[in-house]
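Listed below are the residues making up each chain.
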Amino acid sequence: MTEPAQSVGLLLWRDGADGVDGVDVLLGHMGGPFWARKDLGAWSIPKGLVEPDDPSPIATAEREFAEELGQPAPAAPDDVPDLDLGSHRAGRKVIHVLARRGDLDPTVATGGTFTIEWPPRSGQQQSFPEVDRAEWLSLDEARPALAGNQQVFLDRLEEALAGSR
């Protein structure tokens, strides 16, 4: 039996924009023609596959964050350590997520691209952005927007922050 692929992501969070106790998270809308007209379930935590030379999970998470959003992840603040939100099996891969307090302007997100045959069976190759836009969403907004296999990480973030405040 083949071992599942390992994926690591970095979930950036900040105090809610509405000024109350809430939290906002930075998510990316999946790019490409399949997701173009979808919103619910079409958002993702910036993440990607572990490479053999990645020295640590946080190195993978920071590399993938930069690849998908086109800018480096903000440095972790000295007074708020990264949170390990654990792993979750999602089909043929295991997703591991770390959460970091930070801020970033999502309007300047310009990440990498991928190439597929499009339209299908046309023989033509087209490039599409991995993430076509990024936005800060409250946890209540993020839950229905986030791909179902990643929603567990919002619950884990909320639990971890409740225990530290």
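Our subject is the structure listed above.
Residues numbered from 1 in each chain as written. Predicted model: local features only at pLDDT ≥ 70, side-chain atom pairs only at ≥ 80, totals over all residues. Heavy atoms only, no water.

Caption draft 1: Summary view of helix 3 (residues 152-164). The terminal C-alpha atoms of helix 3 lie 19 Å apart, and with 13 residues this matches the ideal 18 Å at 1.5 Å per residue to within 8%. Among the residues of helix 3, those classed as buried are Phe153, Leu154, Leu157 and Leu161. Projected down its long axis, helix 3 carries its buried residues within an arc of 100°, all on one side. Helix 3 presents Glu159, Ala162 and Gly163 as exposed residues on the side facing more than 90 degrees away from its buried surface. Of the surrounding elements, those touching the buried residues of helix 3 are strand 1 (5-15), strand 2 (23-30), strand 5 (83-90), strand 6 (93-101) and helix 2 (139-145). (Helix = DSSP H or I, 4+ residues; strand = E, 2+ residues; numbered from the N terminus. Expected span 1.5 Å × (residues − 1). Buried < 20%, exposed > 50% of the residue type's maximum accessible area, 1.4 Å probe, protein only. Arc of directions from axis to C-beta. Contact = heavy atoms within 4.5 Å.)

Caption draft 2: Focus on the pattern of salt bridges. On inspection of all chains with the given rule, the structure shows 13 salt bridges. Linking arginine 14 and aspartate 103 is a salt bridge whose minimum nitrogen-to-oxygen distance equals 3.1 Å. Here arginine 14, found in strand 1, pairs with aspartate 103, found in the loop between strand 6 and strand 7 (113-117); they are 89 residues apart in sequence, far enough to count as distant. Residue glutamate 135 pairs with arginine 133 through a salt bridge whose shortest N-O separation is 3.7 Å. Look at the salt bridges and you will find they share partners, linking Asp54, Arg63, Glu64 and Glu67 into a network. (Salt bridge = Lys/Arg side-chain N within 4 Å of Asp/Glu carboxyl O.)

Caption draft 3: A look at the side chain of aspartate 24. Tracing the chain through its elements places aspartate 24 in strand 2. Of the residues examined, aspartate 24 reaches a relative accessible area of 7% and is grouped as buried.

Caption draft 4: Expanded view of the nonpolar core. In terms of nonpolar packing, the biggest core is built from 23 residues, with Leu11, Trp13, Val25, Leu27, Leu85 and Leu157 touching the most fellow members. For this core, the secondary-structure elements that each account for two or more residues are strand 1, strand 2, strand 5, strand 6, helix 2 and helix 3. Here this core takes four residues from helix 3, the largest share from any one element. Excluding residues that lie within four positions of it along the chain, leucine 11 makes contacts with Val25, Leu26, Leu27, Ile45, Leu85, Val97, Leu98, Ala99, Arg100, Leu154 and Leu157. (Core = buried A, V, L, I, M, F, W, Y, C linked by side-chain atoms within 4.5 Å.)

Caption draft 5: Inspection of unusual backbone geometry at higher detail. You will see that arginine 121, though not glycine, has its phi angle at about 60°, which is positive. Among the secondary structure elements, arginine 121 is positioned in the loop between strand 7 and strand 8 (125-129).

Caption draft 6: Representation of the layout of surface pockets in the model. In this structure, the largest pocket encloses a volume near 380 Å³. The wall of the largest pocket is formed by 19 residues, among which Met30, Ser44, Lys47, Glu68 and Lys93 lie closest to the centre. Of the residues contributing to the lining of the largest pocket, the split by class is seven nonpolar, six polar and six charged. (1 Å grid on protein atoms, 1.4 Å probe; cavity = no way out; pocket = protein on both sides within 12 Å on 5 of 7 lines; lining within 4 Å. Points joined across faces, edges and corners; volume = space filled by probe spheres on them. Nonpolar A, V, L, I, M, F, W, Y, C, P; charged D, E, K, R; others polar.)

Caption draft 7: Up close: helix 1 (residues 57-69). For helix 1, which comprises 13 residues, the first-to-last C-alpha distance of 18 Å matches the rise-based estimate of 18 Å (1.5 Å per residue) to within 8%. When we look at burial in helix 1, the residues that qualify are Thr60, Ala61, Glu64, Phe65, Glu68 and Leu69. Each buried residue of helix 1 lies within a common arc of 135° when the element is viewed along its axis, so the set occupies one face. Looking at the buried residues of helix 1, the elements they touch are strand 1, strand 2, strand 4 (47-49), strand 6 and strand 9 (131-138). Where helix 1 terminates, the next one or two residues include glycine 70, which has phi positive at roughly 75°.

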